[in-house]
Amino acid sequence: MAPYVLTSLLLVLLLFTLYRKGKKMGEFPGYFLPLLFVVKLLVASFFLYVYTYIYGGGLLTHDAGEFLRESKILHDVFHQSPRDYFTFLFGCEPNTDFILKHLGETNHWSAYGKPFFNDSQNVIRLNSIVYFLSKGWDFTHVLVGSFFSFAAIFITYQWVKLRSSLPKKTLFLLLFLLPSLLFWSSSFLKEPFMLFGLALLCYGIFNNSIKWPLRLFSIITGILFSLLFKPYVVVIFAVALLFYLIHLFLKGFKTRIKLGVYFSFLLLVLAIPNIHSSVINKLTRQQTNFINVGAGGLHIARNDSILFFTTKDVEGLRVEHNKAYVDKETEGFYVTNNVRYTFVPHTVQPSKVPYTVIYQRKGSASHFEITRLNYSWKKLLFSIPEAMGNSFFRPFWSDSGTWLMTLAKIENLLLLVLTLYFFYKANFKNNPNLPIIITFALFLLMLMLIIGYTTPVTGAIVRYKIPALLALGIMIILGFNTKQKT
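(A) Just the overall build of the protein, in detail. A count of helices and strands for the protein gives 20 helices and seven strands. Against the globule reference of 23 Å for 486 residues, the protein gives a C-alpha radius of gyration of 24 Å, in line with a compact fold. Across its three principal directions, the C-alpha atoms of the protein cover 80 × 60 × 45 Å. Classification of the 486 residues of the protein by burial places 51% in the buried group. In the protein, the proportion of contacts linking residues at least 24 apart, taken out of those at least 6 apart, comes to 68%.

Below, the structure is given as structure tokens:
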């Protein structure tokens, strides 16, 4: 049967299911949920248009094209050997030769020994399954992703409506219509499935109206989905959730006491040498990797010395095949430690002796400079204002870019107005939701801080802060509560 027919049947089934569910709830007209899902599919079609015609010149490109291409390669393994396909599907690859035999043309399966909780590989795994239905039609993939993210909004609505005085339609639309969240979750990338996991996790933790077996199932499933598709998000959420646990143990104490206990505990944990070094090492490596991708540039080596030059500084170098020659004095960076990958500014003098090219890549159009952490806690602390400014307010109005970037600027302005309105109008003093609001605020701040530390590309920031937008929406909804018991 043609993929168009199968996809159409799936779409009709999903719309009918949403219609029945909405009518059974009695909170919306029967058409409300199906109509919103159709809107979501229109946004999904716009996502495909952007990645095909604006970025791709007629071909699906960037992450979307790459993930779909590699999911097809994995899917094709099934037709060669179903046993080998399921070996990949469950992360049981025996060695590198096995990977190269089947997936040598992929970028995300280039090495043996990657953990099963590798989010990029899991996106490919899931889309390779969808390929049995789609046969390569990309709309089928965004349909599946859109349904997962729509389910995430619906699941979130199910528990926040019990804790808010806002009209139910307003509440649902507020979660649904957050612009960047709506766009990026209407895809087949990591975001829809990560949001589904995060929604299930929150549903299990904060919904007191359901029995514990269902709550436990929701929590376990939510953690699993989150680990599969964005592990760092659930780790950050777990750190924020520690405050809520402290609140449950210290119910008779004031909020400032609970916050004091929370931050004191975090400082004590960070003071442990292994954790202290692990945090700064992880952040520095992640930042360095992203700078290399975002800024582009050139890595060259000679006599065990490695030098790095950004895209704007490589004009002083001449590259011929795999050799690089320094023709004039050029500013660059000296890699002082190959293991920790530390950068120190360095002026390279002209030389007729060639260097060997290790790595060369063009930079992103929306790249901007950020302070390099270089494994320094001092730089980490002093970079907080810069990191927060970038993650909350990029793209700046002074940043150049396409009309898509202009939409992101307008969204930032609207979110700022919405946040200010929230702090002005929300009920905090007698609000039983305050511990949950603080939990999500901590999650939002920590997530945005890490994004600001590690992400020097404006387009990536807009995408990576999707979980923070959901947290903001939940905070606003919970802030408007006149109920005395939840």
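Having seen the model, we can carry on.
(B) A nonpolar patch on the surface, seen in detail. A contiguous nonpolar surface patch, about 1000 Å² in accessible area, is contributed by Phe393, Trp397, Trp403, Leu407, Ile410, Leu413, Leu414, Leu416, Val417 and Leu420. No other element matches the eight residues that helix H17 (residues 403-425) contributes to the nonpolar patch. Residue position: Trp397 is located in the loop between helix H16 (384-393) and H17.

(C) Spatial organisation of the pairing of strand E2 (residues 305-309). Buried residues dominate E2, accounting for four of its five residues. In this antiparallel pair of consecutive strands, strand E1 (residues 297-302) and E2, the connection spans two residues, and Asn303 shows a positive phi of 55°.

(D) The environment of Val77, seen in detail. With respect to the secondary-structure elements, Val77 resides in helix H3 (residues 62-80). When the C-alpha atoms of Val77 and Phe88 are compared, they prove to be 9.1 Å apart, with eleven residues separating the residues in sequence.

(E) Structural context of the packing of H3 against helix H4 (residues 82-89). Remark: H3 packs on H4, axes separated minimally by 5 Å, with the N-to-C direction vectors making an angle of 145°. Note on element contacts: H4 touches H3 through Pro82, Asp84, Tyr85, Phe86 and Phe88, opposite Leu74, His75, Val77, Phe78 and Gln80. By residue class, the composition of the contact of H3 with H4 is seven nonpolar, two polar and one charged.

(F) Molecular detail of the side chain of Asn481. By the secondary structure assignment, Asn481 is in the segment after helix H20 (466-479). At a separation of 3.3 Å, a polar atom in the side chain of Asn481 contacts the side chain of Asn431.

(G) Geometry of the pattern of salt bridges. If you walk through the whole model with that rule in mind, you get eleven salt bridges. With a closest N to O distance of 2.7 Å, Glu27 and Lys161 form a salt bridge. Here Glu27 is found in the loop between helix H1 (3-25) and helix H2 (32-54), whereas its partner Lys161 is found in the loop between helix H7 (138-160) and helix H8 (168-176), with 134 residues between them in sequence. Residue Lys161 is classed as buried on the basis of its relative accessible area, which comes to 13%. The salt bridge partner of Lys72 is Asp76, with a shortest N-O separation of 2.9 Å.

(H) Geometry of unusual backbone geometry. Here Arg394 and Pro395 are connected by a cis peptide whose omega angle stands at 0°. Positive phi values are uncommon outside glycine, yet Asn374 reaches one of about 50°. Note on placement: Asn374 falls in the loop between strand E7 (351-361) and helix H15 (377-382). Of note, Tyr375 is a non-glycine position whose phi angle comes to about 65°, a positive value.

(I) Layout of the environment of Ala426. Looking at the element boundaries, Ala426 is found in the loop between H17 and helix H18 (434-454). For the pair formed by Ala426 and Pro350, sequence separation is 76 residues and the distance between their alpha carbons is 63 Å. Discounting chain neighbours no more than four positions away, the residues touching Ala426 are Tyr421, Gly479 and Phe480.

(J) Examining H3 more closely. Counted at 1.5 Å a residue, the expected span for H3 with its 19 residues is 27 Å, and the 28 Å between its end C-alpha atoms agrees. Buried within H3 are the following residues: Ala64, Gly65, Phe67, Leu68, Glu70, Ser71, Ile73, Leu74, His75 and Val77. On its buried side, H3 packs onto H2, H4, helix H5 (96-103), helix H6 (119-134) and H7.

(K) Fine view of the nonpolar core. In terms of nonpolar packing, the biggest core is built from 126 residues, with Phe47, Trp159, Phe172, Phe206, Phe237 and Phe440 touching the most fellow members. Looking at this core element by element, the count peaks at 13 residues for H7. Apart from residues no more than four positions distant in its own chain, Phe237 is found in contact with Leu198, Leu201, Cys202, Ile205, Phe206, Phe440 and Phe443. In terms of nonpolar packing, the next biggest core, distinct from the first, is built from ten residues, Leu307, Phe309, Val326 and Tyr355 among them.

(L) Seen up close, H17. Look at H17: 33 Å from first C-alpha to last across 23 residues, which is about the 33 Å you get at 1.5 Å a residue. Every buried residue belonging to H17 is among Leu404, Met405, Ala408, Lys409, Glu411, Asn412, Leu415 and Phe422, and all of these are buried. For H17, the secondary structure elements touched by its buried residues are H2, helix H9 (179-184), H16, H18, helix H19 (458-464) and H20.

(M) Representation of a positive patch on the surface within the structure. Residues Arg20, Lys21, Lys23 and Lys24 make up a contiguous surface patch of positive charge. Mapped onto the fold, Lys23 is located in helix H1.

(N) Region of interest: the packing of aromatic side chains. Here the structure, examined in full by the defined rule, presents 50 aromatic pairs. When the centroid spacing of 5.6 Å and the interplanar angle of 85° are considered together, the rings of Phe78 and Tyr85 count as edge-to-face. The class of Phe78 is partly exposed, set by a relative accessible area of 24%. The structure contains a cluster of three or more aromatic residues connected by ring pairs, namely Phe28, Phe32, Phe37, Phe147, Phe150, Phe154, Tyr157, Phe172 and Phe176. The ring of Tyr355 has Arg302 lying over it, and the distance from NZ or CZ to the ring centre is 4.1 Å.

(O) Structural view of the packing of H6 against H7. Relative to each other, H6 and H7 sit at 125°, their axes nearing to 9 Å. One finds that H6 runs oblique with respect to H7. The handedness of the crossing between H6 and H7 comes out as right-handed. Residues Asn127, Val130, Tyr131, Leu133 and Ser134 of H6 touch H7, and the partners they reach there are Thr140, His141 and Val144. A breakdown of the residues in the contact of H6 with H7 according to their chemical character gives four nonpolar, four polar and no charged.

(P) Up close: the side chain of Asn127. Within the secondary structure, Asn127 is located in helix H6. The exposure class of Asn127 is buried, given its relative accessible area of 1%. Within the structure, Asn127 has its side chain in polar contact with the backbone oxygen of Val123 (distance 2.9 Å).

About the criteria used
Residues numbered from 1 in each chain as written. Predicted model: local features only at pLDDT ≥ 70, side-chain atom pairs only at ≥ 80, totals over all residues. Heavy atoms only, no water. Helix = DSSP H or I, 4+ residues; strand = E, 2+ residues; numbered from the N terminus. Rg over C-alpha atoms; globule rule 2.2 N^0.38 Å. Buried < 20%, exposed > 50% of the residue type's maximum accessible area, 1.4 Å probe, protein only. Contact = heavy atoms within 4.5 Å. Patch = residues over 30% accessible without salt bridge, like charges linked within 9 Å, V, L, I, M, F, W, Y side chains within 5 Å. Areas by Shrake-Rupley, 256 points an atom, 1.4 Å probe, with all protein chains shown as cover. Salt bridge = Lys/Arg side-chain N within 4 Å of Asp/Glu carboxyl O. Pairing = 2+ DSSP bridges. Axes fitted to C-alpha atoms, helices over the stretch in contact; angles between N-to-C directions. Nonpolar A, V, L, I, M, F, W, Y, C, P; charged D, E, K, R; others polar. Polar contact = N/O pair within 3.5 Å; in protein donor to acceptor, adjacent residues only side chain to side chain. Expected span 1.5 Å × (residues − 1). Core = buried A, V, L, I, M, F, W, Y, C linked by side-chain atoms within 4.5 Å. Lys, Arg positive; Asp, Glu negative; His and termini not counted. Charge placed at Lys NZ, Arg CZ, Asp CG, Glu CD. Phe/Tyr/Trp six-rings, centres within 6.5 Å; stacked < 30°, edge-to-face > 60°. Lys NZ or Arg CZ within 6 Å of the ring centre and 35° of its normal. Parallel < 35°, antiparallel > 145°, perpendicular 65-115°, else oblique. Left-handed = near helix turned anticlockwise from the far one by under 90°.

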